[in-house]
Amino acid sequence: MNLEPEGRALGWPGPRRLGRTAALVVLLLAVIVLAVGLGSVTIAPGEVLGALWHGVSGAALSGNDVIVWQIRLPRVLMGVVVGACLAVCGGAFQGVFRNPLADPYLLGVASGAGLGATIGIVAGWPRGSIPLAALLMALAAVTVTLTLAREGRRFPPTRLILAGVVVGSVLSACSTFLILRGEDRARQVLAYTLGDLGFSGWRDVGTVLPYAAVGCGVLILLGRALDTLQLGDLTARSLGVPVERLRLLVVIAASIATAAAVAYVGIIGFVGLIVPHVVRLAWGTNHRVLLPISALLGGALLVLADLLARTTLLSQVGVVTTLLGGPFFLWLLRREGHD
């Protein structure tokens with residue numbers, strides 16, 4: 001039975017798309033080496049690989065090895081993790097809500113994280129406590145959204161989306177009020193809302209990675225059920241899919257992963273919206289393929305965007321993803337309109 005509404009075959013379609021996948025893996029690895037090597041001090045790819053080997057083998061670090069391991073590599077790996085996380089969560093949300101405009105911030109995660117960070121920054125809390133405040137407030141925002149959208153034991157998609165819009169608007173208004181009250185710290189809050197990988201260290205990567213791995217892992221395992229859900233709730237139930245439990249599980253897994261990501265690097269737009277669309281064009285709509293491929297492409301895209309941000313006057317990675325993602329999304333809409 002073909003479970004895809006657009007009639008594309010399920011599974012890996014053949015050597016051409018397998019070749020694209022291999023090329024994407026190579027691209028991701030190349031982007032990592034490139035991003036680690038470029039900066040105020042340029043390090044040749046061979047030196048980067050040597051520094052990576054020295055770090056892995058436990059050799060003493062000196063010179064460029066220190067730059068690679070202590071400064072650039074954590075930032076780049078954080079970009080890979082966050083980009084992969086946003087892309088997978090965006091693809092899962094688009095599948096579970098059957099809405100191509102869904103993104104990881106749909107249920108108020110971004111607004112909640114923004115309010116938590118704003119409270120901490122305006123109050124003058126230590127920088128190390130800001131991500132925790134953002135994470136807790138993001139999860140609280142999703143909890144409120146789920147509570148408002150609940151209808152008995154059901155979570156209707158329309159109610160979830162509307163509740164997310166309302167919660168997000170209220171929390172954004174609260175953040176704006178706090179910014180106006182603490183104008184001297186407004187620049188710090190603005191920097192957070194535009195996304196920044198610059199402060200990422202190994203400890204931050206180690207904190208975000210488990211949330212991202214568990215959340216995205218659950219979503220990828222639910223790929224077959226998400227494919228079935230594209231046929232509609234009634235058909236999915238007749239095929240044995242517990243629709244409400246599936247929807248709730250996707251929301252919880254994606255929200256936890258997204259909340260952890262934005263808590264540490266800020267709000268980065270368009271990655272979770274654009275990447276799944278690109279993957280559908282090249283690899284098809286099967287979620288068992290779409291979600292892991294989205295992780296690879298999302299990681300590569302965010303690392304490239306961050307490289308562009310820190311080597312140009314744009315400075316904030318969120319500015320780069322918006323400037324690139326906005327026109328590209330308009331092109332996608334125009335392209336689909338002519339199909």
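Residue numbers run consecutively from 1 along every chain, following the written order of its sequence. The model is predicted, so local features are restricted to residues of pLDDT at least 70 and side-chain atom pairs to those at 80 or more, both for listing and for counting; the totals for chains, interfaces and linings are taken over all residues. Excluded from the side-chain calculation are hydrogens and water; included are all heavy atoms of the structure.

Draft legend 1. Spatial organisation of the packing of helix H5 (residues 130-149) against helix H11 (residues 243-265). Remark: H5 packs on H11, axes separated minimally by 8 Å, with the N-to-C direction vectors making an angle of 155°. Considered as vectors, H5 and H11 are oriented roughly antiparallel to each other. For H5 against H11, the interelement crossing comes out right-handed. Where H5 approaches H11, its residues Pro131, Ala134, Leu135, Ala138, Leu139, Val142 and Leu146 are matched on the opposing element by Leu248, Val251, Ser255, Ile256, Ala259, Ala260, Ala263 and Tyr264. Three residue categories are used. Nonpolar comprises Ala, Val, Leu, Ile, Met, Phe, Trp, Tyr, Cys and Pro, charged comprises Asp, Glu, Lys and Arg, and polar comprises the others, including Gly. Across the contact of H5 with H11, the residue classes tally to 14 nonpolar, one polar and no charged. Only the stretch in contact is used when fitting a helix axis, every axis being a line fitted to C-alpha atoms; angles between N-to-C directions are given from 0 to 180 degrees. Here a strand is any run of E in DSSP of at least two residues, a helix any run of H or I of at least four, and the numbering for each starts at the N terminus. Relative orientations are named as follows: roughly parallel for angles under 35 degrees, roughly antiparallel for angles over 145 degrees, roughly perpendicular for angles from 65 to 115 degrees, and oblique for any other angle. Each crossing is labelled by how the near helix is turned from the far one, with a counterclockwise turn of less than a right angle marking it left-handed and a clockwise turn marking it right-handed. The contact definition used throughout considers only heavy atoms, calling two residues in contact when any of these lie within 4.5 Å.

Draft legend 2. Representation of the environment of arginine 247. The topology assignment puts arginine 247 in helix H11. Those residues in contact with arginine 247 that lie beyond four places of it in its chain are Val96, Arg98, Phe155, Pro157, Leu160, Leu229 and Asp233.

Draft legend 3. Representation of the packing of helix H1 (residues 15-37) against helix H13 (residues 287-310) in the model. As a packed pair, H1 and H13 sit with axes 9 Å apart at the nearest point and diverge in direction by 25°. On the basis of the axis angle, H1 is roughly parallel to H13. Along this stretch, H1 crosses H13, giving a crossing that reads as left-handed. Taken together, the residues of H13 that come into contact with H1 (itself represented by Thr21, Leu24, Val25, Leu28, Val31, Leu34, Ala35 and Val36) are Ile293, Leu296, Leu297, Gly299, Ala300, Val303, Leu304, Leu307 and Arg310. Grouping the amino acids of the contact of H1 with H13 by side-chain chemistry returns 14 nonpolar, two polar and one charged.

Draft legend 4. Here's a closer look at H13. Here the expected span of a helix is defined as 1.5 Å times the quantity of residues minus one. Between its first and last C-alpha atoms H13 spans 33 Å; for 24 residues at 1.5 Å apiece the expected length is 34 Å, and the two agree. Burial of H13 is extensive: 17 of the 24 residues sit out of reach of the surface. If you check the start of H13, you find a side-chain oxygen 3.1 Å away from the backbone N of arginine 288, and it comes from asparagine 286. For each residue, the accessible area found with a 1.4 Å probe, counting protein chains only, is set against the maximum for its type, and the residue is called buried under 20%, exposed over 50%, and partly exposed in between. Two N or O atoms form a polar contact when they lie within 3.5 Å of each other; inside protein one atom must be a possible hydrogen donor and the other a possible acceptor, and for residues adjacent in sequence the pair counts only when both atoms belong to side chains.

Draft legend 5. Spatial organisation of the nonpolar core. Put simply, buried Ala, Val, Leu, Ile, Met, Phe, Trp, Tyr and Cys residues joined by side-chain atoms within 4.5 Å make one nonpolar core. By size, the foremost hydrophobic cluster in this structure holds 77 residues, and its most contacted members are Phe93, Leu219, Val250 and Ile268. Looking at which element gives the most residues to this core, the answer is H11, with 13 residues. Residues Val31, Val33, Trp69 and Leu73 belong to the second largest nonpolar core, which totals 17 residues.

Draft legend 6. Focus on unusual backbone geometry. The backbone phi angle of arginine 98 is positive, close to 50°, even though this residue is not glycine. Examined against the element boundaries, arginine 98 turns out to sit in the loop between helix H3 (64-96) and helix H4 (109-123). Of note in the backbone geometry, phenylalanine 270 takes a positive phi value of approximately 75° without being a glycine. Looking at the secondary structure, you find phenylalanine 270 in the loop between H11 and helix H12 (271-283).

Draft legend 7. Looking closely at the environment of arginine 20. Note on placement: arginine 20 falls in helix H1. Through-space distance from the C-alpha of arginine 20 to that of alanine 282 is 8.3 Å; in sequence the pair is 262 residues apart. Residues in contact with arginine 20, not counting those within four places in the same chain, are Ala282 and Trp283.

Draft legend 8. Looking closely at the side chain of serine 200. Structurally, serine 200 can be placed in the loop between helix H7 (186-193) and helix H8 (202-221). In this structure serine 200 comes out as buried when scored by relative accessible area, which is 8%. With sequence-adjacent residues up to four places away left out, serine 200 is seen in contact with Pro74, Arg75, Met78 and Val265.

Draft legend 9. Highlighting a nonpolar patch on the surface. Excluding any residue in a salt bridge, patches collect residues exceeding 30% relative accessible area, merging like charges within 9 Å and nonpolar Val, Leu, Ile, Met, Phe, Trp and Tyr side chains within 5 Å. Only the protein chains shown count as cover for residues, and the accessible areas themselves come from Shrake-Rupley with a 1.4 Å probe. Salt bridges, as used here, are contacts in which a Lys or Arg side-chain nitrogen is within 4 Å of a carboxyl oxygen on Asp or Glu. Judged by side-chain polarity, Leu308, Leu314, Leu323 and Leu324 come together as a nonpolar surface patch covering roughly 330 Å² of accessible area. With respect to the helices and strands, leucine 323 occurs in helix H14 (residues 317-338).

Draft legend 10. Seen up close, the pattern of salt bridges. All chains considered together, the criterion is met by ten salt bridges. Taking the shortest distance from any N to any O, the salt bridge between glutamate 151 and arginine 154 comes out at 2.8 Å. For glutamate 151, a relative accessible area of 38% translates into the label partly exposed. Residue arginine 154 is classed as partly exposed on the basis of its relative accessible area, which comes to 34%. Residues aspartate 227 and arginine 288 are paired through a salt bridge, measuring 3.8 Å at the closest nitrogen-oxygen approach. Within this pair, whereas aspartate 227 is found in helix H9 (residues 223-229), its partner arginine 288 is found in helix H13, the two being separated by 61 residues in sequence. Under the relative-accessibility criterion, aspartate 227 is labelled buried at 2%.

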